Amino acid sequence: MSPFFTLLRRDITLALREGGAIGTALGFYLIVIALLPLGLGPDLNLLSRIAPGLLWIALLLSALLSLGRMFETDFEDGSLELLAIGGMPLELVAAAKALAHWLTTGIPLALLAPVLGILLNLDIAAYGVLIATMLAGTPAISFIGAIGAALTLRARRGGLLLALLILPLYVPTLIYGISAISGALLATNAFWPSFLILSALSLGSLVLGPIAAAAALRIQMQ
Amino acid sequence: MDLGPHAAFIVASYAVFTLVLVSLTAWLFYDGARQKRLLEDLEAKGARRRSRETEGTK
Amino acid sequence: MMQKQSITQKLANPTRFMALSGTLLPWLAGIAVILIAYGLYRGWTAPPDYQQGETIRIMYIHVPSAWLGMMGYALIAVSSFGLLVFRHPLADVSAKAAAPIGAAFTMLALVTGSLWGKPMWGTYWVWDARLTSVLLLFFLYLGLIALRTSIEDESLASKLTAVLALVGVVILPFIKISVEGLSIPWLGLEIPAWNTLHQPSSVFRTDGPKIHASQLYPLLYSALGFTFLFFTLHMKGMRNEILRRRVKALRIAEVDRAREREAVAAAE
């Protein structure tokens, strides 16, 4: 497992050193959430009612921004081919890169969400639930996103295409993420079922994502 | 034939349905004829496949 | 199993496929026309629905469209599996030809559904669970077509699109369950539909009206007829694609020969 962690540490270091990627995603998230009341009107009751949905959708879009770069540089400078002929299965390479994406994008976005919740007048009781659901749901974004990033490596208009391919696949995560928060807010017992389904979806994506992304990467390198 | 108060919706849905399927069919036949003509032109000019192995698919 | 293998192997030869499909095509088309005509005739002569009145006639094209939209995606998934695992030479031709036809039927299911919904629900679009999951299916089709058209190298595009189709078919059940809900009483499993969290379900009936025999049989005939139409169009599309690839192969061979001649002339 040691090469896995070496690769993971390298990718995290690169993402942190560049800094731009994380900053861009967080900045985009902030701006989208700040624009929404300007478009919808400053009605705090309305905003607090739709806040979970807005926070989730804006988070999806922000995470998409940095997905396209997941394999791009390594593919272009040939280090991906070196990794492929090295001892580590390509599935693990893809998993390490997706995990690095989650650690450097998913977690910061999930932690920023409650702060942005203030702007939308989100009920203070929901903050814990909000962070919990987002931490449970964002791995699916990175790991399913890895498939899209691997598929669009050599496509024209890759970034735009990536959004078209991947956003429909996020629908289950989005639905259960929002329904878990709504369930907790309405004090119904809908939180745990939704939260458990959401976690199961993320666990499933940990398997599906690397396998499919590695298959796509092998085809790309043929 | 009396289609009741919602006749327009019934007619419209059948019209759109027919239009889309007829244009899809027409396009497929046009495309088929065009590919056939291109192939015949090329063969008339004496183009040959390099080997029988690569026939059809690439 | 052995025999089936040999039949698919025989069909693997595009030349044999062209000959076979050429004879089969008119018959398929004929059966499709007869079944559709019979189904629609019986559907239109049946008494109108006691609840929905004459708008029930839309069902005879709406339900087959929705069915063929889903079947088309399944066909693409099976073809993609055939391409990636067995490297069947016709599998990619089949997947490529099925995509626009399946997308067209999915779009027709949406359009006829919304035209049926206006008199029933009062608006062209409600976020009804079934309608929404058909819309998401349409997005998956768009993704497949967009990915294939934005990659230059044809064989690369085929394989990557096949990977996407298989990923889609794995995730599609989860999308459907998350939108439409799932109920398996004997397991005690009950997952509510997505829209029950947002709007009262009394606005429209999610379970739909019970279907009467005088509507069911015409519906079955027309669904079968449109299925034959789907396969007719699919076979035609596959034939076109094979011809297109032959034209392309010939052109490449021509260019190569011309280049060789030039090289020989330059050497002299």
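These remarks concern the structure in this document. As the structure is a prediction and not an experimental result, all values here were calculated from the model.

## Brief notes about the side chain of S13(B)
With respect to the secondary-structure elements, S13(B) resides in helix α1 (residues 7–44). With sequence-adjacent residues up to four places away left out, S13(B) is seen in contact with I58(C), I61(C), T112(C) and L115(C).

## Some thoughts on the pattern of salt bridges
Within this structure, the stated rule accounts for 17 salt bridges over all chains. Here K97(A) ties to D11(A) by a salt bridge, and the two come within 2.7 Å at their closest N and O atoms. Here K97(A), found in helix α6 (residues 90–119), pairs with D11(A), found in helix α1 (residues 2–18); they are 86 residues apart in sequence, far enough to count as distant. In this structure, K248(C) and E154(C) form a salt bridge, with 2.8 Å as the shortest nitrogen-oxygen distance. Note that K248(C) is positioned in helix α7 (residues 213–267) and E154(C) in helix α6 (residues 154–180), a separation of 94 residues in sequence. We classify K248(C) as partly exposed; its relative accessible area is 33%. We classify E154(C) as partly exposed; its relative accessible area is 23%.

## So, empty space enclosed by the protein
By the definition in use, this model includes three cavities of 30 Å³ or more. Approximately 80 Å³ is the volume attributed to the largest cavity. Lining the largest cavity we find 13 residues, and of these I76(C), S80(C), A95(C), R148(C) and T161(C) sit closest to its centre. Of all the elements in the fold, those that place two or more residues in the lining of the largest cavity are α3 (59–86), α4 (91–121), α5 (129–149) and α6 of chain C. With four residues, α6(C) is the largest single contributor of residues to the lining of the largest cavity. Size it by volume and the second largest cavity reaches roughly 60 Å³. Among the secondary structure elements, those contributing two or more residues to the lining of the second largest cavity are α8 (158–166) of chain A together with α5 and α6 of chain C. Of all the elements, α5(C) adds the most residues to the lining of the second largest cavity, at four residues.

## Things to note about the interface of chain B and chain C
At the interface, 35 residues of chain B touch 44 residues of chain C. Between chain B and chain C, roughly 3,800 Å² of surface is buried when both sides are summed, and carbon and sulfur atoms account for 73% of that area. On the surface where chain B and chain C come into contact, there are one salt bridge. Its residues assigned to classes, the side of chain B that touches chain C shows 17 nonpolar, eight polar and ten charged.

Conventions and cut-offs
- Residues numbered from 1 in each chain as written.
- Chains lettered and ligands numbered in written order.
- Predicted model: local features only at pLDDT ≥ 70, side-chain atom pairs only at ≥ 80, totals over all residues.
- Heavy atoms only, no water.
- Helix = DSSP H or I, 4+ residues; strand = E, 2+ residues; numbered from the N terminus.
- Contact = heavy atoms within 4.5 Å.
- Salt bridge = Lys/Arg side-chain N within 4 Å of Asp/Glu carboxyl O.
- Buried < 20%, exposed > 50% of the residue type's maximum accessible area, 1.4 Å probe, protein only.
- 1 Å grid on protein atoms, 1.4 Å probe; cavity = no way out; pocket = protein on both sides within 12 Å on 5 of 7 lines; lining within 4 Å.
- Points joined across faces, edges and corners; volume = space filled by probe spheres on them.
- Buried area = accessible area lost by both parts, 1.4 Å probe.
- Nonpolar A, V, L, I, M, F, W, Y, C, P; charged D, E, K, R; others polar.

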